[in-house]
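Fold and geometry: a report
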Amino acid sequence: SDSEIIYFLSDRGDDLKGQTGESVKMWSIDYEKTDIYSINVGTKQMKRLSFEPEYTKTSLAVSVDKSKLLYTSDKNGIGNIYELDIEAGISKPKTNSINGIIQLSLANDDSKLLFTAQVNAGFDIFLIKNPFDRHLQSDTLPLTKFRRAWLDQRTPVTKGSSAADTSNYVQKNM
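Not measured: the values here are computed from a predicted model. (Residues numbered from 1 in each chain as written. Predicted model: local features only at pLDDT ≥ 70, side-chain atom pairs only at ≥ 80, totals over all residues. Heavy atoms only, no water.)

1. Considerations on the overall build of the protein
Under the convention used in this document: Strands are runs of DSSP state E lasting at least two residues, helices are runs of H or I lasting at least four, and both sets are numbered from the N terminus onward. The classification of residues rests on relative accessible area computed with a 1.4 Å probe and restricted to protein chains. Under 20% of the type maximum is buried, over 50% is exposed, and intermediate values are partly exposed. Residues are treated as being in contact if the distance between any of their heavy atoms lies within 4.5 Å. For the accessible areas, the method is Shrake-Rupley and the probe is 1.4 Å, while residue cover comes only from the protein chains on display.
Tallying secondary structure elements over the protein gives 1 helix and 12 strands in all. Along the protein, helices (α) and strands (β) appear in the sequence β-β-β-β-β-β-β-β-β-β-α-β-β when read from the amino end. With 174 residues in all, the protein has 34% of them scored as buried. Expressed as a percentage of contacts within the protein between residues at least 6 apart in sequence, the contacts between residues at least 24 apart total 39%. Carbon and sulfur atoms form 51% of the exposed surface of the protein, whose accessible area is close to 11,000 Å².

Structure (structure tokens):
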């Protein structure tokens, strides 16, 4: 049943077996690279739901019908809220914030989303009503100066990728 599925963030990469003990080489794990995963508690089957480990994700919240989840990511250079269609595997932004969003809490009927964002020297709590009905004009966010500078430190792997698509880049001097 759906209640047996747990959604979580992890730095496990492609390890869907959940290796433990001496087989795990902790020093080889890049703990700063996280993605979204699910595990069925009954079958112990794990799935990787996102494939953008280079972006920091800090929080997620699952819809009542379990078809979508909201999560935070700094894909454009600052923490924003994204919606992931779990079945299709497609993400789209729900906010374009100038303050980094890091923590989400979704009402049990999907009607309200509370989130925190750093404002000046502290964190404030904000509310979005009916967050799954919210749509931005674009499916991508403009890159911040920080993200552009980060991309300047990287080398394209393939030609023809858009400025907003950073999935085809590798870090220089790694």
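Back to the text.
2. Side note on the sheet that holds strand β10 (residues 122-129)
As a reminder, the rule being used: When DSSP locates at least two bridges between a pair of strands, those strands are taken to pair. In this description, a line fitted to the C-alpha atoms serves as the axis of each element, helices being fitted only across the stretch in contact, and the angle between N-to-C directions of two axes falls anywhere from 0 to 180 degrees.
Read across the sheet, 3 strands follow the order β8-β9-β10 without closing on themselves; strand pairing throughout is antiparallel. The strands lining the two open edges of the sheet, one partner per strand, are β8 (101-106) and β10. In this sheet, adjacent strand axes meet at a mean angle of 25° when their direction is disregarded. Where β8 lies against strand β9 (residues 112-119), 5 bridges are found, and the strand directions are antiparallel. Following the sheet pairing, Leu106 is matched in β9 by Leu113.

3. Some thoughts on the sheet that holds strand β4 (residues 60-62)
Strand order in this open sheet of 4 strands is β4-β5-β6-β7, and the pairing throughout is antiparallel. Both edges of this open sheet fall to β4 and β7 (90-93), since each of them pairs with a single strand only. Between one strand axis and the next, the sheet turns by 25° as a mean value, whatever way the strands run. In the sheet, strand β6 (residues 80-85) pairs with β7 via 4 bridges, with the strands oriented antiparallel. Across the sheet, Tyr82 pairs through a bridge with Pro93, a residue of β7.

4. Here we look at the nonpolar core
As a reminder, the rule being used: We call a set of buried residues a nonpolar core when its members are Ala, Val, Leu, Ile, Met, Phe, Trp, Tyr or Cys and they connect through side-chain atoms within 4.5 Å of each other.
Counting 11 residues, the largest nonpolar core is built from Ala61, Leu70, Ile81, Ile101, Leu104, Leu106, Leu113, Phe115, Ala117, Ile128 and Phe132. Mapped onto this core, the elements with two or more residues apiece are β8 and β9. Residues contacting Leu106, with those up to four places away along its chain left out, are Ala61, Val62, Ser63, Leu70, Lys112, Leu113, Pro131 and Phe132. With 10 residues, the next largest nonpolar core counts Tyr7, Ile36, Leu60 and Leu141 among its residues.

5. Description of the environment of Leu49
When you line up the elements, Leu49 lands in the loop between β3 (46-48) and β4. Considered as a pair, Leu49 and Ala88 are 39 residues apart in the sequence and their alpha carbons are 9.7 Å apart. Excluding its chain neighbours within four sequence positions, the residues that come into contact with Leu49 are Tyr7, Ile36, Tyr37, Ser38, Leu69, Leu84 and Ile86.

6. Looking at the packing of aromatic side chains
Aromatic ring pairs are described here by two measures, namely the spacing of the ring centres and the angle between the planes. Cut-off, in case you're wondering: For Phe, Tyr and Trp, rings pair up if their centres lie within 6.5 Å, where Trp contributes its six-membered ring, and each pair is then called stacked (planes under 30 degrees apart), edge-to-face (over 60) or tilted (otherwise).
Taken as a whole and assessed by the stated rule, the structure comprises 3 aromatic pairs. Pairing Phe8 with Tyr37 gives two aromatic rings, centres 5.8 Å apart and planes at 20°, and the pair type is stacked. Taken together, the residues span a long stretch of sequence, with Phe8 in strand β1 (residues 5-10) and Tyr37 in strand β2 (residues 35-40) at a distance of 29 residues. Under the relative-accessibility criterion, Phe8 is labelled buried at 18%. Seen in terms of ring centroids, Phe115 and Phe126 are 5.5 Å apart; in terms of plane orientation they differ by 25°. Their pairing is stacked. Residue Phe115 is located in strand β9, and its partner Phe126 is located in strand β10; the two are separated by 11 residues in the primary sequence.

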